[in-house]
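# Chain and residue survey
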Amino acid sequence: MTGAIEPPVAARRMSRADIDLLRAALLDGDAAISAFRAWRPTLDLATLPYGHQRLLPLLQRNMTRLGIEDPYIERFRGIRRYFWVRNLRSMALARSLFEALNQGTVPFIVLKGAALIAGYLDDRSLRPMDDIDILVRDEHVPEAVAILAARGLFPALSDERQLPQEQTRRFLRNERVRSILAGWQFVGHEQNIDLHWRALHLDRRPEADARFWRDSRTVDFDGLPVPVLDPAHHLLHLCAHAAQDRSGSSMQQWAADATTIIRGSPDLSWDRVVEEARARHVSRIVGNSLAFLVAELDLAIAPATIRRLLSAGDWSERAEARLRALGAETMPPASRTLLAFQDYRRGAGGNLLDRRAISAAPAFLKAWTGVASSISLGVIALHAMLGHPRWLRTLAGRDRFRAVPDRGRLPGVGETIDLVGLPAREAALVAGWGLPEAAGRWTVATEATTAWRVDAADGDLDLLVDGDPFLVGDKPHLDVEIWANDRLVETLLFRPGETSPLPARIRVKRRAGRGGILFLTFLLRGSRSPIELGLWEDQRTLGLHLRQLALARSGTLPSLDRDCLPKIGVRLDFASTSADATPFVTGWGLAEPTGRWTVGSEAVLAWDVGGDERNLFLHCAGDAFLSAAAPQQVVEIWANDRKMAEWKFGSGRSSPLPARVPLALAGDKPILFLTFRVRQPRSPAELGLSDDTRALGLHVRSLAIVAEPGATI
């Protein structure tokens, strides 16, 4: 029994114009001409989607071959020439990279666009390449990262500050990252490489790619022999990739690529396609994709092959294919949980993919909820069903049931979790956190939990939180409860048009935890996903976007790495996006073209003064946030708990900045903490000036600490 054929996820995102363009570019005779005439009235070069632009070389060649005269055909020829030049540059980069991998004895397989150009297309303009995709084995990832770094290619999130190779290797070897992802993007100057350690996101098991490696074949890539996937594996890769890829341009490209492989591979083994799809539990996804190619692009695929694919797989695989085809806009929470279950089986669950779904459920639920035993699942389920009531958590607990992480890998009191870019303390992010992004991390569930190493001598603690809420569109509010080992310590309220409570310093009363571990949890009430708000195709339930978390003894500041702090005589440019984040301890906004704002009532900056006992001098340039509704502002400058100056700003009054402030006897400690205390920070949203809810005080352009009063920086 095959059941109904659901369209593949990529086809569901295609409009009729998308399909007409594919047919015009790939079919022959009257069918292609008719599709072109249907698509042509929709053409607007000013708003042409990038996915359509990538298909224009194929369209131009086909319409020219069929003798179609249209004023746009010549313009399409120019676009095709542009892609030809860009592909030549990409191929030169790819060839030098492949040679470097060969010299470094790093086995690799070329994937996607570069493999298609090398193995199937004589004309290099027909398949635009936005990046070069390569697959390496697990054990060769460190060597591949080193080779990329030597060529100026670094992880996409760190291209502005270029992490040391060792940090990059450590991140990419992280168990959580490797189980969630199949690869990572590396970028350089006009260069883009996707480094994969798994060929398929839908099969991330340790031995998933063994047959891909065994059956790979060699083709000529611009005079260099390179390995590519067997045609059956290549086709499988395209169908599976389209089912999980959220990139708009790939939604049209997969069908054109699949057509190229099917037409250009007389030795393509359909039995192998069926066998491999079954082994990877993507039979339904591949079957629906092939059915779409038959129905829309007239490809000659035996009906028996599609029937064999559609009849394979258990209920969970069939449900997964159906849900992926439907999309997430109207998907209820239970359906999203099922997709999370399948994703777990395909990655972290390892051998659970080959077991019956019902037998894999307990392991998934334990991992998903982060509990130590199956017995506590009932309590956690009750929490969720009742809407996470405070009384139940206080009475029955939640953190007491968590699996205890390795204490030695957790940050301790006085340390900071930097959530910007790659080098976060992954072991501390227990549950509910998104993957790294350039500006911070999102909470992506109802709860987001961190774990810290604490001792009895630590006493009361302060949690320092810096970030922003997801508060847009029809999302009217966000309430964030902060729990410490099942004890509510604070509730942060976020409302449109009101000043954000972040950054915040939150008192955490000392309470014993299991094994000396403190679980700090953000419980988010009112969090929503962008896709359900109609904003963009992101299914994650977003709550807070955090840049930094720190835990310190009450009234103190976290310890810092002095090597990352500016020294005496150094001028710190606050507008620089490449500046190390370490000096900006708390209370600072992100770099803007003209500087950084203090956010909240207190902003702290750290400087390495090396215990210099000379009198130091602060040089500061900037302005205060003033408006008709908030015409005055007072900012106090403190250095290591000593008040050094008070700046008064007012409309019509001469600004005290730029200023030189003596920091008498403030340099008697290795690190100088400069604190800007803002009397009345106000947000533009509160004053009706903009949607910015940050409580702004001082806008600093540059700052320096010198040892001579008249020194110029």
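Before any of the text, the structure's been laid out above.
Residues numbered from 1 in each chain as written. Predicted model: local features only at pLDDT ≥ 70, side-chain atom pairs only at ≥ 80, totals over all residues. Heavy atoms only, no water.

### A closer look at the side chain of Ser125
Note on placement: Ser125 falls in the loop between helix 6 (112–119) and strand 2 (132–136). Looking at Ser125, its side chain comes within polar contact range of the side chain of Arg80, at 2.8 Å. Of note is the side chain of Ser125, whose polar atom sits 2.7 Å from the side chain of Asp123. Look past the residues within four positions of Ser125 in its chain and what remains in contact with it is Pro57, Arg80, Phe83, Trp84 and Asn87. (Helix = DSSP H or I, 4+ residues; strand = E, 2+ residues; numbered from the N terminus. Polar contact = N/O pair within 3.5 Å; in protein donor to acceptor, adjacent residues only side chain to side chain. Contact = heavy atoms within 4.5 Å.)

### Here we look at the packing of helix 3 (residues 29–39) against helix 4 (residues 50–65)
The angle between the axes and the distance between the axes are what describe a pair of packed helices. Put simply, helix 3 and helix 4 touch, their axes get as near as 12 Å, and they point 135 degrees apart. It follows that helix 3 is oblique to helix 4 by the angle criterion. Of the two elements, helix 3 crosses helix 4, and the hand of that crossing is left-handed. For the pair helix 3 and helix 4, the contacting residues are Ala32, Phe36 and Trp39 in the first and His52, Leu56, Leu59, Asn62 and Met63 in the second. When the residues that make up the contact of helix 3 with helix 4 are grouped by side-chain class, the tally is 6 nonpolar, 2 polar and no charged. (Axes fitted to C-alpha atoms, helices over the stretch in contact; angles between N-to-C directions. Parallel < 35°, antiparallel > 145°, perpendicular 65-115°, else oblique. Left-handed = near helix turned anticlockwise from the far one by under 90°. Nonpolar A, V, L, I, M, F, W, Y, C, P; charged D, E, K, R; others polar.)

### As for the sheet that holds strand 11 (residues 447–453)
The strand order across the open sheet formed by 5 strands is 9-11-16-13-14, and the pairing between neighbours is antiparallel. Of all the strands in the sheet, just strand 9 (429–431) and strand 14 (488–494) have a single pairing partner and so form its edges. Taken pair by pair, the neighbouring strands of this sheet meet at an average axis angle of 20 degrees, ignoring direction. Here strand 13 (residues 478–484) runs beside strand 14; their pairing, made up of 6 bridges, is antiparallel. Each residue of the ladder has a partner; that of Glu481, found in strand 14, is Thr491. (Pairing = 2+ DSSP bridges.)

### Brief notes about the nonpolar core
Among the nonpolar cores identified, the biggest contains 105 residues, and Trp39, Leu59, Phe98 and Leu293 are the most heavily contacted of them. In terms of residue count, the dominant contributor to this core is helix 5 (residues 71–103) (9 residues). Apart from the residues within four sequence positions on either side, Leu293 is in contact with Trp254, Ala255, Ala258, Thr259, Ile262, Asp298 and Leu299. (Core = buried A, V, L, I, M, F, W, Y, C linked by side-chain atoms within 4.5 Å. Buried < 20%, exposed > 50% of the residue type's maximum accessible area, 1.4 Å probe, protein only.)

### Here's the deal with a nonpolar patch on the surface
A cluster of nonpolar side chains, Leu382, Met385, Leu386, Trp391 and Leu395, forms an exposed patch at the surface whose accessible area comes to about 590 Å². Mapped onto the nonpolar patch, the elements with two or more residues apiece are helix 19 (377–385) and helix 20 (390–396). Topologically, Leu395 is positioned in helix 20. Classification of Leu395 as exposed rests on a relative accessible area of 62%. (Patch = residues over 30% accessible without salt bridge, like charges linked within 9 Å, V, L, I, M, F, W, Y side chains within 5 Å. Areas by Shrake-Rupley, 256 points an atom, 1.4 Å probe, with all protein chains shown as cover. Salt bridge = Lys/Arg side-chain N within 4 Å of Asp/Glu carboxyl O.)

### Looking at the pattern of salt bridges
Applying the stated criterion across every chain, the model contains 59 salt bridges. Among the ionic pairs, Arg80 bridges to Asp123, the shortest N-O distance being 2.4 Å. Taken as a pair, Arg80 in helix 5 and Asp123 in the loop between helix 6 and strand 2 lie far apart in primary sequence, 43 residues in all. With a closest N to O distance of 3.0 Å, Arg124 and Asp222 form a salt bridge. With Arg124 in the loop between helix 6 and strand 2 and Asp222 in the loop between strand 6 (217–221) and strand 7 (224–228), this residue pair connects regions lying 98 residues apart in the sequence.

### Observations regarding the pairing of strand 26 (residues 671–678)
Counting buried positions along strand 26 yields 7 of 8 residues, so the element is predominantly enclosed. Here strand 21 (residues 602–608) pairs with strand 26 via 7 bridges, running antiparallel. Across the sheet, the residue bridging to Trp607 is Leu672, located in strand 26. Sheet topology note: the strand 23 (residues 632–639)/strand 26 ladder contains 5 bridges and is antiparallel. Residue pairing across strands places Val635 opposite Val678, the latter belonging to strand 26.

### Thoughts on the pairing of strand 17 (residues 544–553)
In the case of a regular strand, side chains alternate between the two sheet surfaces. Most of strand 17 is tucked away: 9 of the 10 residues are buried. Bridge count between strand 8 (residues 416–418) and strand 17: 3 bridges; the pairing is antiparallel. When the bridges of strand 17 are listed, Ile417 appears paired with Leu549. Alignment of strand 12 (residues 461–469) against strand 17, held across 9 bridges, turns out to be antiparallel.

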